[in-house]
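Structural characterization, general
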Amino acid sequence: MSTKEKVREKNREKEAIGFNNEIIVYNDDVNTFDHVIDTLMRVCSHTAEQAEQCSLIVHYNGKCTVKTGPIDKLKPQCTQLLEAGLSAEIV
């Protein structure tokens with residue numbers, strides 16, 4: 001393996017560890033659109049339009065990626081979404 005290939009491989013590993021994480025919110029029959037929108041605005045700093053679009057995607061597709069970033073930033077946000085009663089996980 002050449003030096004260039006080793007450097008590329010290390011960069012790929014850093015990317016995989018650092019920023020390829022997502023919070024996914026899943027559809028449920030419990031939460032209202034307003035609650036989901038308000039929660040996404042509060043927890044994920046979405047605009048009203050972003051939060052509404054995500055809530056519609058969740059409703060029609062069953063799930064939506066609502067936030068991406070490093071795992072240490074996403075964990076507290078995912079915890080807050082779960083505490084608000086939303087179905088969410090980090091992948």
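Within an unreviewed UniProt entry, the label attached to the protein reads Clp protease ClpS, and the organism entered is Flavobacterium chungangense.

Focus: the sheet that holds strand 1 (residues 21-26)
Read across the sheet, three strands follow the order 2-1-3 without closing on themselves; strand pairing throughout is antiparallel. Unpaired on one side and paired on the other, strand 2 (63-69) and strand 3 (87-90) mark the two borders of the sheet. Neighbour-to-neighbour, the strand axes of this sheet turn through a mean angle of 20 degrees, independent of strand direction. Relative to strand 3, strand 1 is paired through four bridges, and the arrangement is antiparallel. Bridge pairing in strand 3 places Ile24 opposite Glu89. Strand contacts of helix 3 (residues 48-61): strand 1 and strand 2, with the helix running at about 135 degrees to strand 2, the strand carrying the most contacts.

Side note on the state of the cysteines
The final tally for this structure, using the stated rule, is zero disulfides. Not part of a disulfide, Cys44 finds its nearest cysteine sulfur in Cys54, a span of 8.0 Å. Lacking any disulfide linkage, Cys78 is separated from the closest cysteine sulfur, that of Cys44, by 9.0 Å. The buried category is assigned to Cys78, whose relative accessible area is 7%.

With respect to helix 3
Taking 1.5 Å of rise per residue, the 14 residues of helix 3 would be expected to cover 20 Å, and the 20 Å separating its terminal C-alpha atoms lies within 8% of that figure. For helix 3, every residue scored as buried is listed here: Ala51, Cys54, Ser55 and Val58. For helix 3, the angular spread of the buried residues around the axis is 100 degrees, confining them to a single face. Helix 3 presents Glu49, Tyr60 and Asn61 as exposed residues on the side facing more than 90 degrees away from its buried surface. In the core, the buried residues of helix 3 are packed alongside strand 1, helix 2 (33-44) and strand 2. The first or second residue beyond helix 3 is Gly62, which carries a positive phi of 90 degrees.

Remarks on the layout of surface pockets
Looking at the largest pocket, its volume works out to about 150 Å³. Around the largest pocket, the lining residues are Val25, Tyr26, Asn27, Asp28, Asn31, Thr32, Phe33, Val36, Ser55, Val58, His59 and Leu86. Taken together, the elements giving at least two residues each to the lining of the largest pocket come down to strand 1, helix 2 and helix 3. If you tally residues by element for the lining of the largest pocket, the top one is helix 3, at three residues. Looking at the lining of the largest pocket residue by residue, the class counts come to six nonpolar, five polar and one charged.

Thresholds, definitions, all that
- Residues numbered from 1 in each chain as written.
- Predicted model: local features only at pLDDT ≥ 70, side-chain atom pairs only at ≥ 80, totals over all residues.
- Heavy atoms only, no water.
- Pairing = 2+ DSSP bridges.
- Helix = DSSP H or I, 4+ residues; strand = E, 2+ residues; numbered from the N terminus.
- Axes fitted to C-alpha atoms, helices over the stretch in contact; angles between N-to-C directions.
- Contact = heavy atoms within 4.5 Å.
- Disulfide = S-S within 2.5 Å.
- Buried < 20%, exposed > 50% of the residue type's maximum accessible area, 1.4 Å probe, protein only.
- Expected span 1.5 Å × (residues − 1).
- Arc of directions from axis to C-beta.
- 1 Å grid on protein atoms, 1.4 Å probe; cavity = no way out; pocket = protein on both sides within 12 Å on 5 of 7 lines; lining within 4 Å.
- Points joined across faces, edges and corners; volume = space filled by probe spheres on them.
- Nonpolar A, V, L, I, M, F, W, Y, C, P; charged D, E, K, R; others polar.

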